[in-house]
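# Commentary on secondary and tertiary structure
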Amino acid sequence: MSLRVRLVLWLGCVLAITLALGCALAGWRAGASVRAEMQAALSTGQQNVANAIAETADTPDELRHLVATFDGNRHVSAVLRDGKGGVVAASALQPAAHPIPGWFLRLLGSRLPPGIMPVPGGSITLTAEPANEVGEVWDEASDAVRTLALFFAMSVLLIHWTVGRALAPLARLSESFERIGAGDYAARINPVGPPELARLASGFNRMAEQLGEAESQNRSLREQLLNLQEEERAELARDLHDDVGPFLFAAAIDAAAIPGLLAAGKTLEAEERADSIRDAVAHMKSHIRSVLGRLRPLSFGSVGLAEAIENIVVFWRSSHPGITFATDIEDDDSLDEAARATVCKVVQESICNALRHSSPGRIDIRVTRDADGLLVRVDDDGAGPGAEGVTPGFGLVGMQERVQAQRGTLAITARQGGRGLAVMARLPLEAAA
């Protein structure tokens, strides 16, 4: 159901409820008016009968004539009864001009107790009949209901037209969003209409402009990335050709010369050639490892976060056996590779800085998760510079950029309870998930 239809239905319901309450109030007042009219007519009839009896009406014929005077009365009927309760004469009410629904007559036509007046030889009973008075109210109510129905229909049509005019900018906004979704960032909306929708249109135009600029920047960055990839490929090709190629050529020459030297009994020279081949292979292996590190420095594959950090610790422990490394890693399979690479980068760079500048005896590594996200903390007890004396080198800058790329924070503070530094990185929940 569209917003326009919903608004029309809501406003129509409010209008209908208001009209219903107005009709209920008018009905209550009409009922009170009918009752007051009936009471006044009954009182008037009783007063007339009393006056007539006091003056002349004391014989049966005069009493019948008195009852006949009520013929055609709209509100009161009279009945003359003898001493035994039998009907001697009765008047006839004026018939209603239009038929009245029974429910309407029961709703408004409240019955009053009849007035019984003693006369010589019997009594005259006066009864208030509300049919004619209710009939007048019914005629007025019918006209009013038809008028209100016409007013209601015209109001609903006017509301439908007005709401449609007011919401027309939303339709244009929806079309423009579809264009944005299709990649057409040139979509714009004329900021006209109500102030709220005009501000919405202006905000959409600013958003579309910023998205267009971002797309242009991304396109430029993609082009630069392609150029950098081409340059990297060319550089790798040069490295392999210049550094690995000559050693392969030299190893091939030495390998080809060894059989001849062995056949000639020149064992010492053959061993020298074999050593040269071993040195060339070692050099090529080191160079290839360097190239692989440049291509993918942190590759996890099926390795979890805890195992990756343990590998880092094993490497540094082998080269610094006198330092105690303590780890407390809360592994999490939901981390993506970018988040795990950031954690490993923080751990690796923190250990490297501690070993380079602080000469620590112990390094503690903790990776925990709480309600705020993932917390990475590396503490050392070295004697390096305090938190104020840390110089932001390339390693620290790279670590800071990686953490910021994950929308996280990085802090370097003095270690609590002693000397040394504490490096703390926090990744938010959405980045750590």
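Given the structure is predicted, the values throughout are model-derived calculations rather than measurements. Positions within a chain are numbered from 1, following the residues in the order the chain's sequence is written. Only residues with pLDDT of at least 70 are given local features in this predicted model, and only at 80 or more are side-chain atom pairs given and counted; all residues enter the totals for whole chains, interfaces and linings. The side-chain values count all of the structure's non-hydrogen atoms but skip hydrogen atoms and water molecules.

### Notes on the overall build of the chain
- Labels follow the DSSP assignment, with helices taken as runs of H or I lasting at least four residues and strands as runs of E lasting at least two, numbered in each case from the N terminus. If you tally the helices and strands in the chain, you get 10 helices and 9 strands.
- This radius of gyration counts C-alpha atoms alone. The globule rule is 2.2 Å times how many residues there are, raised to the power 0.38. Compactness check: the chain gives a C-alpha radius of gyration of 52 Å against a globular reference of 22 Å for 433 residues, more than 25% above the reference.
- Dimensions along the principal axes, computed over C-alpha positions, put the chain at roughly 175 × 55 × 45 Å.
- Partly exposed residues are those whose accessible area sits between 20% and 50% of the maximum for their type, while under 20% is buried and over 50% is exposed, using a 1.4 Å probe and protein chains only. When the 433 residues of the chain are sorted by exposure, 31% land in the buried category.
- In the chain, 63% of the contacts between residues at least 6 apart in sequence involve partners at least 24 apart. Residues count as neighbours in contact if any of their non-hydrogen atoms are within 4.5 Å of one another.

### Topic: the pairing of strand 3 (residues 115–119)
- Of the two faces of strand 3, the one lined by G115, M117 and V119 is fully buried and the one lined by I116 and P118 carries no buried residue.
- Strands are labelled as partners when DSSP assigns at least two bridges between them. Sheet analysis places strand 3 next to strand 4 (residues 122–128), joined by 5 bridges and oriented antiparallel. Counted as the bridge partner of P118 is S123 from strand 4.
- Between strand 3 and strand 4, which follow one another and run antiparallel, lie 2 residues, and G121 among them has a positive phi close to 85°.

### Things to note about the sheet that holds strand 5 (residues 324–329)
- Pairing in this open sheet of 5 strands is mixed, and the strands run 5-6-7-9-8 from one edge to the other. The sheet is open, and its two borders are formed by strand 5 and strand 8 (409–414), each paired with just one other strand. Mean inter-strand twist for the sheet, computed between neighbouring axes without regard to direction, equals 10°.
- Bridge count between strand 8 and strand 9 (residues 421–427): 6 bridges; the pairing is antiparallel. Bridge pairing in strand 9 places L410 opposite A425.
- Between N-to-C directions, angles span 0 to 180 degrees; the directions come from axes that are lines fitted to C-alpha atoms, helices contributing only their stretch in contact. Packing of helix 7 (residues 305–319) onto the sheet brings it into contact with strand 5 and strand 6 (362–370), and relative to strand 5 it is tilted by some 175°.

### Looking at unusual backbone geometry
- Positive phi is not limited to glycine here, since R407 has a value of about 60°.
- The residue R407 is located in the loop between helix 9 (394–405) and strand 8 in this model.
- Residue R407 is classed as exposed on the basis of its relative accessible area, which comes to 54%.

### Things to note about the side chain of R377
- With respect to the helices and strands, R377 occurs in strand 7 (residues 373–380).
- Each polar contact in these results corresponds to two N or O atoms within 3.5 Å; when the atoms are within protein, one needs to be able to donate a hydrogen and the other to accept it, and residues that are neighboring in sequence are counted only if both atoms are side-chain atoms. A distance of 2.8 Å separates polar atoms of two side chains, one belonging to R377 and the other to D379.
- Excluding residues that lie within four positions of it along the chain, R377 makes contacts with D364, I365, R366, A422, V423 and M424.

### A word on the nonpolar core
- Among buried residues, the Ala, Val, Leu, Ile, Met, Phe, Trp, Tyr and Cys ones that are joined through side-chain atoms within 4.5 Å form a nonpolar core. By size, the foremost hydrophobic cluster in this structure holds 33 residues, and its most contacted members are I309, V343, V347, I351, I363, I365 and V367.
- Going through the elements one at a time, helix 7, strand 5, helix 8 (337–357), strand 6, strand 7, helix 9 and strand 9 are the ones with two or more residues in this core.
- The greatest single-element share of this core, amounting to 9 residues, is contributed by helix 8.
- If you look at the next biggest cluster of nonpolar residues, it comprises 25 residues, including A41, L63, L80 and L112.

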